[in-house]
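Fold and geometry: a report
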Amino acid sequence: MPEPTVGYPILLHLQDKQVAVIGGGRVATRKVKHLLHSGARVLVISPAVSAELLGLANEDQIELIHSEYRRDMLNEHMPFLVIATTDDGAVNQIVAQDAHRIRALTNVANGSGDESDFSNMAVIDRSPLIIALSTNGASPAMLRGLKQQLEDAIGDEYAILGDWLGKLRQPLKNQLDTQIARRALYRRILDSDVLPLLRDGQHEGARRIFDEIISRDLAR
C-alpha cells in the first residue's frame, strides 16, 4: 500500500497578485480578509455576499461580480490563485476545472482534496513571525489543540522582537562579516531577558538590553 502523500509547505507571496474567490458566505469572507492582509487583489464572484464583503466592495477594497459562476468566467481575469467556497459541489468542480485550464493554483474549500492544488493550514500570526500548522487532514482535533497551545505560548512579544530584528538585518550584514557572528548575536538576544521583559510589558527595559547586546558585539 503506498504511503500517503505529504504536502510541501510554502508561504505564497501574493502582493498585487489577482486572486478569485467564488462564493460569498462565511468561509469566503474569512478567506478574503486573509488575502487582503497578504496584499492580494481580490475578485469575488457570487450572487449573494455577506454584509462584510459588500462593505469591502463599496470601499473598493475588492472587486465584486454579483453573479452565479458560469463556465470560463475566469478567463477574462486570469487569476494567479482561485478559491471555490460555494455550497454547490458541482459549481466548485466547474470552478476547479476552469482554474486548472488557465493554470491557476486552485483550492476547493471543504472538497475531497482531489480538485485542490493546496490546502490551507492553521495559522498563528505574530507578524513578521508566521507559524502554519497541518496534520495533512489526519486529525483536525489535534490541530486545534496544538494551535491553542502555541497561541498561548507565543505572544505579541515575538512580533515586537521580530520587528526589531528585521530592521537590523541589513545593517548587521554590513557590520558583522560572517554568518557565524550574526548567529551568535541573535542567540545572545534570544537567551537574554528581552523576551521575558516584552512579555511583561516592560518594553523600554527590553529595548535597552537589546541595544546593549548589539553595541557590545559591534564594538568587539
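About the cut-offs
Residues numbered from 1 in each chain as written. Predicted model: local features only at pLDDT ≥ 70, side-chain atom pairs only at ≥ 80, totals over all residues. Heavy atoms only, no water. Salt bridge = Lys/Arg side-chain N within 4 Å of Asp/Glu carboxyl O. Helix = DSSP H or I, 4+ residues; strand = E, 2+ residues; numbered from the N terminus. Buried < 20%, exposed > 50% of the residue type's maximum accessible area, 1.4 Å probe, protein only. Pairing = 2+ DSSP bridges. Phe/Tyr/Trp six-rings, centres within 6.5 Å; stacked < 30°, edge-to-face > 60°. Lys NZ or Arg CZ within 6 Å of the ring centre and 35° of its normal. Polar contact = N/O pair within 3.5 Å; in protein donor to acceptor, adjacent residues only side chain to side chain. Axes fitted to C-alpha atoms, helices over the stretch in contact; angles between N-to-C directions.

1. A short note on the pattern of salt bridges
The full count for this structure, using the stated rule, is 9 salt bridges. In this structure, the salt-bridge partner of Asp-98 is Arg-71, at a minimum N-O distance of 2.9 Å. In this pair, Asp-98 sits in helix α3 (residues 89-101) while Arg-71 sits in the loop between β3 (63-65) and β4 (81-84), placing the two residues 27 residues apart along the sequence. Among the residues examined, Asp-98 registers a relative accessible area of 0% and is labelled buried. The salt bridge partner of Lys-167 is Asp-163, with a shortest N-O separation of 3.3 Å. Linking Lys-167 with Asp-163, this pair stays in helix α5 (residues 156-175), spanning 4 residues, or about one helical turn. Several salt bridges converge on common partners, so that one network encompasses Arg-71, Asp-72, Asp-98 and Arg-101.

2. Some thoughts on the pairing of strand β7 (residues 129-133)
Examined bridge by bridge, strand β6 (residues 122-126) and β7 share 5 bridges and lie antiparallel to one another. The residue bridging Asp-125 from the neighbouring strand is Ile-130, located in β7.

3. Some thoughts on the pairing of β6
A one-sided burial pattern is seen for β6, the buried positions being Ala-122, Ile-124 and Arg-126 and the unburied ones Val-123 and Asp-125. If you look at the hairpin formed by β6 and β7, you'll find 2 residues sitting between the two strands.

4. A short note on the packing of aromatic side chains
For the structure on display, the rule yields 1 aromatic pair. Ring centres 5.2 Å apart and planes at 55° place the aromatic pair Trp-164 and Phe-210 in the tilted group. With Trp-164 in helix α5 and Phe-210 in helix α8 (residues 203-219), this residue pair connects regions lying 46 residues apart in the sequence. Exposure class is identical for Trp-164 and Phe-210. Each is buried. Its end group placed over the ring of Phe-80, Lys-17 keeps NZ or CZ at 5.6 Å from the ring centre. Sitting over the face of the ring of Trp-164, Arg-207 holds its NZ or CZ atom 4.8 Å from the ring centroid.

5. Some details on the side chain of Ser-116
By secondary structure assignment, the location of Ser-116 is in the loop between β5 (105-108) and β6. A relative accessible area of 18% means that Ser-116 is categorised as buried. A polar contact is formed between the side chain of Ser-116 and the backbone nitrogen of Val-108, at a distance of 2.8 Å.

6. Things to note about the sheet that holds strand β2 (residues 41-45)
Strand order in the open sheet formed by 5 strands is β3-β2-β1-β4-β5, with parallel pairing between adjacent strands. Two strands lie at the open edges of the sheet, namely β3 and β5, each paired on one side alone. When the angles between neighbouring strand axes are averaged without regard to direction, this sheet yields 15°. As paired elements, strand β1 (residues 18-22) and β2 share 5 bridges and run parallel to each other. By the bridge assignment, Val-19 is partnered in β2 with Val-42.

Any link to function would need more than the numbers given here.
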